[in-house]
Amino acid sequence: MSEISPPTSLAEVRNHLERAIGAVAPDVVDEVQSLDADLDFFEEFGLDSMDRLTIMESLVAGTGVAIPDEVVPRLTTIQALSDHLTSG
Amino acid sequence: MSVAPEQIEYVMPSLGADMDEGSVIEWHVAVGDRVARGDVVARVETDKSDIDIEIWRDGEVEEILVAPGRLVPVGTPLLRLAASGEAVAAAVQPDDAREAVEAGSDRAPDTDPDSIVTPSSRPPAVVRSGTGLWATPLARRTAAEQGVDLTAVVGSGPNGAIRRRDLPAADGAVSSDGAPPAEEASAEARPRTRADRMRRAIADRMSQANRDIPHYFLERQIDVSALMDYLGRVNSDVEVADRVVPAAAFVRATALAAARHGELNGHWRDGAFVPSGAVNVAVAISLRGGGLVTPQIQQADTVGLIATMARLKAMTLEARSGVLRSTSMGAGSADPDGNITDAADQASTITVTNLGERGADLVHGVISPPEVALVGFGRIAQRPWVVDGQVQPRHMVTATLAADHRATDGATGSRFLATLARLLETPEEL
C-alpha cells in the first residue's frame with residue numbers, strides 16, 4: 001500500500017471513488033470507471049444518505065483530504081469530487 | 001451465595017413478525033465453551049437475511065441441539081446452556097414460538113420433512129453427503145432440483161459447506177413443455193433463492209396488511225429548515241464518521257411522537273389494540289438487490305439523536321452486509337447501544353420508511369402487521385413556503401402516516417403528525 005496522499009488527477013479520484021463505492025454498492029462498482037464525470041453518481045447508482053456518509057468517510061481515509069460537512073452536498077459528481085480533492 | 005447452574009434452552013428466536021423458520025448455518029461455540037451475555041453464538045439464515053444470534057446469559061454450553069444446515073421452526077431449542085450469573089426473566093420460549101414448533105411437526109407439503117427438526121426428532125442432522133461433501137439441506141435440495149453437481153460447487157460455509165447461494169443461478173424456471181414446474185405452480189412451494197423468498201415474505205405480509213387492515217392516510221408538510229441548520233451546526237466540527245443525517249432525526253422524532261400518542265404505538269391482536277410499554281421503532285432499509293429488511297431500535301424514545309444515528313448507521317451496514325444482529329431483529333431486549341440485556345423478545349411497535357432517500361416526494365405506506373401505524377418521509381427539497389407573510393425558499397419534507405382505522409381515527413393520526421411537525425421544527429427538542 002502506498003502512503004496516503006491527495007490525488008492529483010481525475011483518474012486517481014475515480015479510483016478512490018471506485019473503492020469507496022465498492023464497499024457500499026458492489027453491484028455498480030464496475031460502472032464507476034465509465035460514468036460521465038458530470039453525472040450525479042448518487043442518483044445514477046441509487047445511493048442514500050447513509051451510503052453518502054460511508055463514501056465520504058472512505059474518501060477522507062483514502063486521500064487524507066478533509067471534507068467539511070458544508071461542501072458535502074456539492075460533491076455529487078466525479079468532477080466536483082476531483083475539484084475538491086485535488087485542490088489542496 | 002452459590003446455587004446450582006440453571007439450565008436454559010436457547011430457542012430459534014422469532015427475528016421479525018414474518019419469520020417462522022430458519023437454519024443455523026454456523027455455530028460459533030462448542031460444547032464446554034464459556035459464553036458471556038452478548039456473545040454471538042450462531043449465525044442463522046432466514047428468508048430475508050443472515051442473523052448473528054446473541055446469547056442473553058452468561059454460562060457454559062452444555063449441548064448443541066441442532067446441526068448446521070437444519071431448517072427449524074421458530075421456537076425449536078438450539079442450544080442448552082448451564083447459566084451462571086444473575087438470573088433474568090422468562091427463560092422459556094414464548095407461547096407462540098412453542099406453537100410454531102408444534103405446528104412444524106405436522107406441517108409441510110411445502111417443505112422437505114427431513115429438513116425440519118421437531119422436538120421429537122431433535123438429534124442433530126448429518127449434513128455430510130455420501131460423497132463427503134458438506135451442504136445445507138436447502139442447497140442439496142435445490143441442487144437436486146436443478147440438476148447441479150455439488151462436487152463442482154465451491155462452498156462458502158464453514159468447513160467449505162455449500163449453501164444455496166453458492167449454487168449457480170437457476171436458469172429460467174420453465175420446463176420443456178413451456179409450463180412452469182409443478183413446484184413453481186404451487187402456491188405453497190418454497191421459493192428457491194433468497195431474493196425469491198424475501199419477495200414471498202414481503203408479498204405475504206403486505207397482502208395480509210391490505211386484506212385485514214383498513215388503512216387511513218394523512219400527510220403533512222413540515223418545514224425542516226431549522227433542522228437542516230441544526231444538523232449543519234452539529235456536523236460542522238466533527239469527523240465524517242460522527243455526522244448526523246436527517247433520517248436519524250426522522251426516526252428520533254417518530255419515537256418521541258409515538259411515546260406521546262400511545263394509541264399508535266403497539267399491536268392489533270385478537271380484535272383489539274394492545275398498547276406497548278416500549279417504543280420499538282422499526283426502520284425499513286432497502287437492499288441493493290431488491291427487497292427490504294426492517295431492523296428496529298428498541299426503546300427508541302430513550303435513545304438520543306446522536307445514539308439514534310449510530311444505531312441507524314450500524315443497522316444499515318448490517319442490513320447491507322447481509323448479516324443482522326439478533327437484537328436488531330427484536331430477539332431479546334437491548335439497551336440504547338443495542339446490547340442485549342435480557343431474554344424478553346421485543347416486537348417492533350411502529351415503522352418508519354424514509355423513501356425520500358430514493359427521490360419520492362411522499363410515501364403512502366402499507367402497515368406492517370400487527371403494528372397499527374407506519375410513518376413515511378419523502379424527499380427533502382427547497383420549496384416556496386410562506387413564512388411571516390412572505391414567500392421564502394424553505395427546506396420542506398412531506399411526512400405521512402398510514403394508520404389502522406380499527407385502532408384509531410383520523411383525529412388521533414392528525415395530532416400525531418402535528419407533534420411530529422413540532423418536534424422537527426424545533427430540533428433542539430430531539
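Residues numbered from 1 in each chain as written. Chains lettered and ligands numbered in written order. Predicted model: local features only at pLDDT ≥ 70, side-chain atom pairs only at ≥ 80, totals over all residues. Heavy atoms only, no water.

A separate point is the packing of helix α3 (residues 49-63) of chain A against helix α7 (residues 305-321) of chain B. Between α3 of chain A and α7 of chain B, whose axes approach to 10 Å, the crossing angle comes to 90°. By the criterion of interaxial angle, the relationship of α3 of chain A to α7 of chain B is roughly perpendicular. Residues Met50, Asp51, Leu53, Thr54 and Glu57 of chain A of α3 of chain A lie in contact with α7 of chain B, whose contacting residues are Met309, Leu312, Lys313, Thr316, Leu317 and Arg320 of chain B. (Axes fitted to C-alpha atoms, helices over the stretch in contact; angles between N-to-C directions. Helix = DSSP H or I, 4+ residues; strand = E, 2+ residues; numbered from the N terminus. Parallel < 35°, antiparallel > 145°, perpendicular 65-115°, else oblique. Contact = heavy atoms within 4.5 Å.)

Counting residues at the interface gives 20 residues for chain A, matched by 16 residues for chain B. For the chain A and chain B pair, buried surface summed over both sides reaches about 1500 Å², with 51% attributable to carbon and sulfur atoms. Looking at the side of chain A facing chain B, the largest losses of area belong to Met50, Leu53 and Asp69 of chain A, adding up to 39% of the total buried there. For the interface between chain A and chain B, the tally reads 4 salt bridges. Lys313 of chain B is the salt-bridge partner of Glu57 of chain A, the closest N and O atoms lying 2.8 Å from each other. (Buried area = accessible area lost by both parts, 1.4 Å probe. Salt bridge = Lys/Arg side-chain N within 4 Å of Asp/Glu carboxyl O.)

Time to look at empty space enclosed by the protein. By rolling a water-sized probe across the atoms, one finds the places where empty space is left. All names here are of chain B. Summed over the entire model, instances satisfying the criterion amount to 2 cavities of 30 Å³ or more. Of the voids in this model, the largest cavity is the one considered here, and its volume is about 120 Å³. Lining the largest cavity are 13 residues, and of these Leu15, Asp18, Met19, Thr46 and Lys48 lie nearest its centre. For the lining of the largest cavity, the per-class residue count stands at 6 nonpolar, 3 polar and 4 charged. Per-domain counts for the lining of the largest cavity show at least three residues from each of domain 1 (6-119) and domain 2 (214-429). (1 Å grid on protein atoms, 1.4 Å probe; cavity = no way out; pocket = protein on both sides within 12 Å on 5 of 7 lines; lining within 4 Å. Points joined across faces, edges and corners; volume = space filled by probe spheres on them. Nonpolar A, V, L, I, M, F, W, Y, C, P; charged D, E, K, R; others polar. Domains from an automatic or database assignment.)

Ranked by internal contacts, the top residues of the largest apolar core, which has 112 residues, are Ile21 and Phe41 of chain A together with Phe416, Leu420 and Leu424 of chain B. Counting contributing residues per domain, this core is built from domain 1 (6-119) and domain 2 (214-429) of chain B, each supplying no fewer than three. If you look at the next biggest cluster of nonpolar residues, it comprises 5 residues, including Ala209, Ile213, Ile367 and Leu374 of chain B. (Core = buried A, V, L, I, M, F, W, Y, C linked by side-chain atoms within 4.5 Å. Buried < 20%, exposed > 50% of the residue type's maximum accessible area, 1.4 Å probe, protein only.)

As a further point, take the pairing of strand β10 (residues 266-269) of chain B. Within a regular beta strand, the side chains point alternately toward one face of the sheet and then the other, so they alternate between its two faces. As paired elements, β10 of chain B and strand β11 (residues 272-275) of chain B share 4 bridges and run antiparallel to each other. Bridging from a neighbouring strand, His267 of chain B pairs with Val274 of chain B of β11 of chain B. (Pairing = 2+ DSSP bridges.)

Here the focus is the environment of Met206 of chain B. Residues and elements named next belong to chain B. When you line up the elements, Met206 lands in helix α4 (residues 194-212). Here Met206 falls in the partly exposed class, since its relative accessible area comes to 25%. With 162 residues separating them along the chain, Met206 and Ser368 place their C-alpha atoms 7.1 Å apart. The contacts of Met206, once residues within four sequence positions are left out, are Val366, Ile367 and Ser368.

A few words now on the packing of helix α6 (residues 246-260) of chain B against helix α8 (residues 410-425) of chain B. Residue and element names in this part refer to chain B. At a minimum axis separation of 9 Å, α6 and α8 run at an interaxial angle of 135°. The orientation of α6 with respect to α8, classified from their angle, is oblique. Note that α6 runs across α8; the crossing there is right-handed. In this structure, α6 contributes Ala249, Phe250, Ala253, Thr254, Leu256, Ala257, Ala258 and Arg260 to the contact, and α8 contributes Phe416, Thr419, Leu420, Arg422, Leu423 and Leu424. (Left-handed = near helix turned anticlockwise from the far one by under 90°.)

In this section: the packing of aromatic side chains. A full pass over the atoms with the stated rule returns 3 aromatic pairs over all chains. Relative to Trp56 of chain B, the ring of Tyr10 of chain B has its centre 6.1 Å away and its plane inclined at 35°; by these criteria the two rings are tilted. Linking Tyr10 of chain B in strand β1 (residues 6-11) with Trp56 of chain B in the loop between β5 (50-54) and β6 (58-64), this pair joins segments that are 46 residues apart in sequence. Accessibility assignment for this pair places Tyr10 of chain B and Trp56 of chain B in one class, buried. The aromatic ring of Phe42 of chain A is capped on one face by Arg52 of chain A, whose charged end is 4.0 Å from the ring centroid. (Phe/Tyr/Trp six-rings, centres within 6.5 Å; stacked < 30°, edge-to-face > 60°. Lys NZ or Arg CZ within 6 Å of the ring centre and 35° of its normal.)

Before going further, it helps to examine a negative patch on the surface. Taken together, the side chains of Asp30, Glu31, Asp36, Asp38, Glu43 and Glu44 of chain A make up a negatively charged region of the molecular surface. Here Asp36 of chain A shows up in the loop between α1 (10-24) and α2 (41-45). (Patch = residues over 30% accessible without salt bridge, like charges linked within 9 Å, V, L, I, M, F, W, Y side chains within 5 Å. Areas by Shrake-Rupley, 256 points an atom, 1.4 Å probe, with all protein chains shown as cover. Lys, Arg positive; Asp, Glu negative; His and termini not counted. Charge placed at Lys NZ, Arg CZ, Asp CG, Glu CD.)

A separate point is the sheet that holds β6 of chain B. All names here are of chain B. Ordered by their spatial adjacency, 4 strands build an open sheet running β1-β8-β6-β3, and the pairing between neighbours is antiparallel. Of all the strands in the sheet, just β1 and β3 (34-35) have a single pairing partner and so form its edges. Across 2 bridges, β3 lies against β6 in antiparallel orientation. Paired with Arg34 across the strands is Glu60, a residue of β6.

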